Amino acid sequence: MALTVQAVRGMNDLLPADTARWQQVEQVLRETVASFGYSEVRMPLLEKTNLFSRAIGEVTDVVEKEMYTFEDRSGESLSLRPEGTAGCVRACLEHNLIYNQEQRLWYMGPMFRHERPQKGRYRQFHQLGVEVFGLNGPDIDAEIILLSHALWQRFGIADQLSLQLNTLGSNAERLKYRESLVKYLEQHFADLDEDSKRRTYTNPLRVLDSKDEKTAEILKESPKLTDFLGAESRAHFDGLCDLLSKCGVSFELNSRLVRGLDYYNLTVFEWVTDALGAQGTVCGGGRYDGLVEQLGGAPTPAVGFGLGLERLVLLLSALDKLKDRRLADIYLMGAGEGAAVAQAQLALKLRKDLPHAKIMNHCGGGNFKKQFRRADKLQARAAVVLGESEIKNGTLTIKDLQNQEGLQQTLPYGQALDLLKAMLQA
Ligand code: HAM
C-alpha cells in the first residue's frame, strides 16, 4: 500500500540506530558545557516574528526568505525559531537575568529554516547554542572558542576542524568601511553576480561571502575592514589572537568572514571542515554587543556560538568515532510451566539490583532456540535462562553470549548476580 503522508521535506526522523549516536554526542556536549560552568536554558520553539526580524536583520537571507512564519488563530504573526540567540536574549530580558549580572548559558534543540535541503543542510536541524552576557573582554571570546575546541578534542576530531577568525570592528568602523566597500563595488558593478549586485545596496558586507568566482576575483582588491579598525577594536582582536595562540589553538585570519546574521560586531569565527562537502561549517558565532539594547535591555556585552548537531554527527560518523549502542545487556528468557510469571518477577528483581543494565525480557513464547536467536540479534552480553529446573530449584542459568566458548553456569540468585555484574563491567 502506498504511504500517503510523508514527512515534510528537509525534516528528518531519527530512528533507533540514529538516536543511539545522537545520545552519545549530546552527552559529551552536556558534560563539556557543564565542565565550563555554563547553565542550561530552554526557550519555546515559537516566538513572535518581529523578535527575529529585529534581532537577525530584515535583509538577511534568514529573515527575508527562510522563516516558517504564520498567523496563529488570534491573528498574531509567529515564527518557528530559525536560531536561538534572539530567543535567548528575549528570555533573559523577560526574566531579568542579565541586568548587571554575568550569565553563561547554553541550550540545545531544533531550529527551522526553509533552505534548499542537501547533505548537511535541513529545514529542521539542531543546534547547541552557547551565549555569555555581561563580559566584554577578549578573554571570554577566547573562552567560548576554547570550549568549542575542547569539544573537538573530546570527540577526537580536533585535527579535522580549522578555525576561521575575523573582526567586524565597532558599528561606527563598520559603517565607514561599508561606504568605502560600496564605492568599490559600484566601480565593478557590471561584473558582479546578481546576488552581489542586490546586496551591494541591501547588505554589502555579505558580498564578501560570495561564492561566485568573478566576484571573488574582484574582492581580492577590495578595501579591507582591518584598515578601518580603531585602537580599541584592534586591541580586542590582538588580545583574542594572543590568548588563542598561547592556549594552543591555531586559527586562520579570514577577512571575508562576515556571518549571515546582522547582530555581530568585533569577533566572528567559524569552525570548518573539508570532510562534509559544501556544508562544512560545523560551528559559528561571535560577539553581539548591540543586541540586548536593540531588544529593549540595558547595553550588555554578549558573545556566543551555534553548533550544528547534524553536521557534527555526520562528521563523527564519517570518521567512525561513534559506537553502536547495544540494545540489551541481558536477555531474559524462559520456557515451560509458570515461565511468564517467573520471568516477569525476575526482571523486576534484576532491574532493581542492576539499575544501569539494559534488561530485556523475552515476550511471546517460543522455544529456546528462537529466544537465543533474538538475544544474538540484539548482541546482548548475556542470557539469563529460566527453564523448568531453574524455576523448581530457584536457580538461574547464565550464558555468556560474547564469549566464543559460550560459557554457561547454573547458580543461585546471589552468585548469578555477581557473575552478571562482573560480565557487564568487563
Ligand atoms: P548560524 O551560523 O546561522 O549561527 O548557525 C550555526 C550553525 O548551525 C551552523 O554553523 C551550522 O552548523 C548549523 N546550521 C545552520 N543552518 C543549518 C541548516 N539549515 N541545516 C543544518 N545545520 C545548520 C547562528 O544560528 C547563531 N545563533 C550562532 C550564535 C550564537 N552566534 C552568537 N551566539
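It should be noted that the structure appears before, not after, this text.
Residues numbered from 1 in each chain as written. Predicted model: local features only at pLDDT ≥ 70, side-chain atom pairs only at ≥ 80, totals over all residues. Heavy atoms only, no water.

## Considering the site of the ligand
Stated formally: A single heavy atom is enough: if one lies within 4 Å of a molecule or strand, its residue is considered near that molecule or strand. Identification of polar contacts relies on pairs of N or O atoms within 3.5 Å, with a donor-acceptor requirement for protein atoms, meaning one able to donate a hydrogen and the other able to accept it, and with residues adjacent in sequence counted only if both atoms are side-chain atoms. The Shrake-Rupley method, run with a 1.4 Å probe, gives the accessible areas here. Residue values count only the displayed protein chains as cover. In this text, helices come from DSSP runs of H or I with a minimum length of four residues, and strands from runs of E with a minimum of two, each type numbered from the N-terminal end. In this classification, Asp, Glu, Lys and Arg are treated as charged, Ala, Val, Leu, Ile, Met, Phe, Trp, Tyr, Cys and Pro as nonpolar, and every other residue, Gly included, as polar.
Lining the immediate surroundings of the ligand are 25 residues, of which Glu 83, Thr 85, Glu 115, Glu 131 and Tyr 264 lie closest. At 2.6 Å from a nitrogen atom of the ligand is found a side-chain nitrogen or oxygen belonging to Glu 83. A distance of 3.0 Å is found between a nitrogen atom of the ligand and a side-chain nitrogen or oxygen belonging to Tyr 263. The protein chains hide 95% of the 660 Å² of surface that the ligand would expose on its own. Elements with a minimum of two residues in the shell around the ligand: β6 (124-133), β10 (281-287) and β11 (302-308). The element that contributes the greatest number of residues to the shell around the ligand is β10, accounting for five residues. Considered class by class, the residues forming the shell around the ligand number nine nonpolar, nine polar and seven charged.

## Topic: the nonpolar core
In plain terms, the rule: Definition of nonpolar core: a set of buried residues of the types Ala, Val, Leu, Ile, Met, Phe, Trp, Tyr and Cys, connected through side-chain atoms within 4.5 Å. Partly exposed residues are those whose accessible area sits between 20% and 50% of the maximum for their type, while under 20% is buried and over 50% is exposed, using a 1.4 Å probe and protein chains only.
Grouped together as the largest cluster of nonpolar side chains are 45 residues, with contacts concentrated most on Cys 88 and Phe 133. It is helix α4 (residues 85-94) that provides the largest number of residues to this core, a total of five residues. In this structure, Val 25, Leu 135, Ile 144 and Leu 163 belong to the second largest nonpolar core, which totals 43 residues.

## Some points on the environment of Tyr 263
Inclusion rule: Any pair of residues with heavy atoms lying within 4.5 Å of one another is described as a contacting pair.
Topologically, Tyr 263 is positioned in the loop between β8 (252-253) and β9 (265-272). Residues Tyr 263 and Arg 287 lie 24 residues apart in sequence; the distance between their C-alpha atoms is 8.3 Å. Leaving out residues up to four positions away in the same chain, Tyr 263 has contacts with Ala 55, Ile 56, Glu 83, Thr 85, Arg 287, Tyr 288 and Leu 291. Within the structure, Tyr 263 has its side chain in polar contact with the side chain of Glu 83 (distance 2.4 Å). Reaching out from Tyr 263, the side chain makes a polar contact with the side chain of Thr 85 at a distance of 3.2 Å.

## Focus: the sheet that holds strand β5 (residues 103-112)
Heads up, the condition is: DSSP-based pairing: two strands are paired if at least 2 bridges between them are found. Each axis is a line fitted through C-alpha atoms, taken for helices only over the stretch in contact, and angles between the N-to-C directions span 0 to 180 degrees.
Spatially, β1-β5-β6-β11-β10-β9-β7-β8 is the arrangement adopted by the eight strands of the open sheet, whose pairing is mixed. Lying at the two open borders of the sheet, with one neighbouring strand each, are β1 (39-40) and β8. Taken together, the six bridges between β9 and β10 define a ladder with antiparallel strand orientation. Bridging from a neighbouring strand, Val 268 pairs with Gly 286 of β10. Relative to the sheet, α4 contacts β5 and β6, its axis offset from that of β6 by approximately 45 degrees.

## Looking at the pairing of β9
Most of β9 sits out of view: seven of its eight residues are buried. Pairing analysis gives six bridges linking strand β7 (residues 162-167) to β9, with the strands arranged antiparallel. Paired with Leu 165 across the two strands is Phe 269, which belongs to β9.

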